[in-house]
Amino acid sequence: MGSLEPLTPLPHPQRVLVIGGGPTGLVTLRNLIQRGEFSHVELVERRDDVGGVWYLDDPTKETATPCWPSPAYPNLTGNVLPTFLSFSSYPPFPTPPNSPNQPFPTLQETHEYLRMFAAPFVASGKIKLNTEVVRVEELPSPLSAEGQGEEGIVSGGGWKVILRDRSNNKQGEEKEEHWDAVVVAVGWYDNPVWPPTPGLNILREKGVAKHAKEWRGAKGYEGKKILIIGNANSSNDIAAHLAPVAHVPIYQSQRREPWFLFKSLPDARIHKVSPVARYEYTPSGHVVAHLEDGRVLEGVDYVLVGTGYRPSPKFIYLLPHPPSSSTKVEPVPLIPTPAPSPARIPNLHRLILHAHNPTLSFIGAAHSYTPFITADLISTWLAFAWSFPELSLYPPSIEQRLVFEQERLKKMEERRKGAGGNPSSLVVFSILGEDEDEYVRALRREVVGVDKGLDGVLPSWSEEMVKERVGMYELKEGALWWAKSREGV
């Protein structure tokens, strides 16, 4: 396992809870069980099936409106090739039936892959569905009695987790469990980002401004005058789906030219316009959009906003840091008020471990081009970091674990300044972007340093692999043209 000497005692948790049954949570569960050394690992998922965003609620089920509907939509086709969706030590993702013309898996194909991957863990009881996490609360170390010692109350006592049974979409009984460590793999989709444009909140109250998270297809928008905000994948998909049925032209507001990775086809029915300066809601129930270039769009029926999401798990509560000497300590939210700027989960070492208490981990906080295989690698690293503390795969002190965040904040600020007054919304703390290859290669070296047998199992992140990843965006454009050629077939 290597020859590194421990610098300071690091925790080796035995009981680990994974929260979230999407791709990142599922592969984390597998890796902790099969590659780590723990006494018990379990995953809870609040919905009635695994898959996360890739699980679109079954409309044939006679249940109430889903509590947590997926932001996916019917007929969604992904933007990532099967190679980059294939988990290690598991059969590769099946080739889509329309390859090579359409080599990208659909929503249903991706969900089926995840269901098959999860099946043995569901059968063994390692995955518990319909189980909502209400609260995760850090507990003080039993070695630090309240108010005793110079350090006061310190972390290290594990985690109290409040769970609620949500079978049949009902609010069931709550129960309390204690875990040594918690992995949060819940994604970002609970927290849609809305632009701070004056007048937008009124449109939301009136029901004429909707986020892409609510998009379920073009039905109901026939003949409507639509303004779409944003030019990333969701906004582009929505515009393309609306073009055959909505009032034309469809207006798509953008701050800058689209990023080369966000592929869409030219369409005379879709007009690109400048950013919106402010909105008005008229007595007739329509929207007036005043654009920054002075143009005014009148009679708009709906504003559809595709401006992304931010990480903000609201159910996690931590002991105050630095430790308090008070005789009674109230845990504080993980995300403080006001929220940190830039938006992020604060105090994470390498976007994985909480610096103040490394038994709290996040898989998916690092937003990747290829989230399936990146989560596979990160969770393998986590399994080793927790199972073999003597290897010191992460720094022994809080100060050292905070260095990553400090350096990344500085780097992001420099890049935003370098972009002038109009930086891309993708130049943000949690999106790895141009740092992704260096980030994953460093983690991979550490993983292979612990278990050389994984060198031929994990993706290589070689220059050839990166070239294939970059090339898939041109393939996506070709697939869009192929699909367009088959309209009406």
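Structural data are supplied above this passage.
Cut-off values and rules
Note on numbering: residues in each chain are counted from 1, in written sequence order. Note on the predicted model: pLDDT of at least 70 is required for a residue's local features to be given, and 80 or more for side-chain atom pairs to be given and counted; whole-chain, interface and lining totals, by contrast, use all residues. Based on all heavy atoms of the structure, the side-chain values leave hydrogens and waters out of the count. Helix and strand assignments follow DSSP, with helices taken as H or I runs no shorter than four residues and strands as E runs no shorter than two, numbered in order from the N terminus. Only protein chains enter the accessibility calculation, which uses a 1.4 Å probe; a residue is then buried when its area is under 20% of its type maximum, exposed when over 50%, and partly exposed in between. Structural elements are reduced to axes, namely lines fitted to C-alpha atoms, with helices fitted over the stretch in contact, and the angle between N-to-C directions of any two is expressed from 0 to 180 degrees. Here the angle decides the label: under 35 degrees means roughly parallel, over 145 means roughly antiparallel, 65 to 115 means roughly perpendicular, and every other value means oblique. With the far helix as reference, a near helix turned anticlockwise by less than a right angle produces a left-handed crossing, and one turned clockwise produces a right-handed crossing. In this analysis, two residues are considered to be in contact whenever any of their non-hydrogen atoms come within 4.5 Å of each other. Within 3.5 Å is the distance limit for a polar contact, defined as a pair of N or O atoms, with the added protein rule that one can donate a hydrogen and the other accept it, and that residues adjacent in sequence qualify only through two side-chain atoms. The residue classification treats Ala, Val, Leu, Ile, Met, Phe, Trp, Tyr, Cys and Pro as nonpolar and Asp, Glu, Lys and Arg as charged. All others, Gly included, are polar. Side-chain atoms within 4.5 Å link the members of a nonpolar core, which is a set of buried Ala, Val, Leu, Ile, Met, Phe, Trp, Tyr and Cys residues. Put simply, two rings from Phe, Tyr or Trp (the six-membered ring, in Trp's case) pair if the centres are within 6.5 Å, and we call them stacked under 30 degrees between planes, edge-to-face over 60, tilted for the rest. The rule for a charge over a ring is simple: NZ of Lys or CZ of Arg within 6 Å of the ring centre, and within 35 degrees of the ring normal. Only protein atoms enter the 1 Å grid used here. Points where a 1.4 Å probe fits but cannot escape make up a cavity, open sets with protein on both sides within 12 Å along at least five of seven lines make up a pocket, and a residue lines them when an atom lies within 4 Å of a point. Grid points are joined across faces, edges and corners, and a volume is the space filled by probe spheres set on the points.

Asks: Give me the lowdown on unusual backbone geometry, citing residues and values where you can.
Replies: Of note, the bond from Thr337 into Pro338 is cis; its omega dihedral lies within 30 degrees of zero at -5°. Of note, Pro338 is situated in the loop between β17 (332-333) and β18 (348-349). Omega for the bond connecting Ser341 with Pro342 falls within 30 degrees of zero, at 0°, which places this linkage in the cis form. Relative to the helices and strands, Pro342 is located in the loop between β17 and β18. You will see that Ser89, though not glycine, has its phi angle at about 55°, which is positive. For Ser89, the location among the structural elements is in the loop between β2 (40-44) and α2 (107-123). One non-glycine residue, Arg350, lies in positive phi territory at about 60°. Structurally, the position occupied by Arg350 is in the loop between β18 and β19 (353-354). With a relative accessible area of 13%, Arg350 lands in the buried category.

Asks: Hey, could you go over the packing of helix α8 (residues 436-450) against helix α9 (residues 463-485) for me, with residue numbers and the actual values?
Replies: At their nearest, the axes of α8 and α9 sit 12 Å apart, and the two run at 140° to each other. Taken as axis vectors, α8 and α9 run oblique relative to one another. In terms of crossing hand, the pair formed by α8 and α9 is right-handed. Contact with α8, carried on its side by Glu436, Asp437 and Arg441, involves Glu463, Val466 and Arg469 of α9 and no other residues of that element.

Asks: Go over the side chain of Ser387, please, and point to the residues and values.
Replies: Within the secondary structure, Ser387 is located in helix α5 (residues 371-387). Take Ser387: its relative accessible area is 3%, and that puts it in the buried class. Only 2.7 Å separates the side chain of Ser387 from the backbone nitrogen of Glu37, close enough to count as a polar contact. Only 2.7 Å separates the side chain of Ser387 from the backbone oxygen of Ala383, close enough to count as a polar contact.

Asks: Account for the packing of helix α1 (residues 23-35) against α5, with residues named and values stated.
Replies: For the pair α1 and α5, the least separation of the axes is 8 Å and the interaxial angle reads 35°. Relative to α5, the crossing made by α1 is right-handed. Packed against α1, whose contacting residues are Pro23, Thr24, Val27, Thr28, Arg30, Asn31, Leu32 and Arg35, the element α5 presents Pro371, Phe372, Ala375, Asp376, Ser379, Thr380, Ala383 and Phe384 at the interface. Among the residues making up the contact of α1 with α5, the classes are represented as eight nonpolar, five polar and three charged.

Asks: Got a sec to walk through the nonpolar core? Specific residues and values, please.
Replies: The nonpolar side chains of a soluble globular protein tend to be buried with one another. Ranked by internal contacts, the top residues of the largest apolar core, which has 81 residues, are Leu242, Trp381 and Tyr439. The dominant element in this core, judged by the number of residues it contributes, is α5, at eleven residues. When sequence neighbours within four positions are dropped, the list of residues in contact with Tyr439 reads Arg350, Leu351, Ile352, Ala366, Ile378, Phe404 and Leu432. By size, the runner-up hydrophobic cluster in this structure holds 21 residues, among which are Ile19, Val44, Phe315 and Leu360.

Asks: Outline the packing of aromatic side chains, listing residues and values.
Replies: Scanning all chains against the criterion turns up eleven aromatic pairs. Ring geometry for Phe87 versus Phe117: centroids 4.6 Å apart, planes at 50°, classification tilted. With Phe87 in the loop between β2 and α2 and Phe117 in helix α2, this pair connects stretches of sequence that are 30 residues apart. On the basis of relative accessible area, Phe87 is assigned to the buried category, the value being 2%. Through a chain of ring-to-ring contacts, the aromatic side chains of Phe87, Tyr90, Phe93, Tyr113, Phe117, Phe121 and Phe372 assemble into a single cluster. Lying across the ring of Phe429, Arg344 places its NZ or CZ 5.6 Å from the centre. Stacked on the ring of Phe429, the Lys or Arg Arg408 has its end atom at 5.9 Å from the ring centre.

Asks: Quick rundown of the layout of surface pockets? Include the residues and the values.
Replies: Considering only enclosed or pocket space, the second largest pocket measures out at about 980 Å³ in volume. Along the wall of the second largest pocket there are 36 residues; nearest its centre are Ala240, His241, Leu480, Ala483 and Glu487. Contributing elements (two or more residues each) for the lining of the second largest pocket: α4 (233-242), β11 (270-273) and α9. Across the lining of the second largest pocket, the residue classes tally to 15 nonpolar, eleven polar and ten charged.

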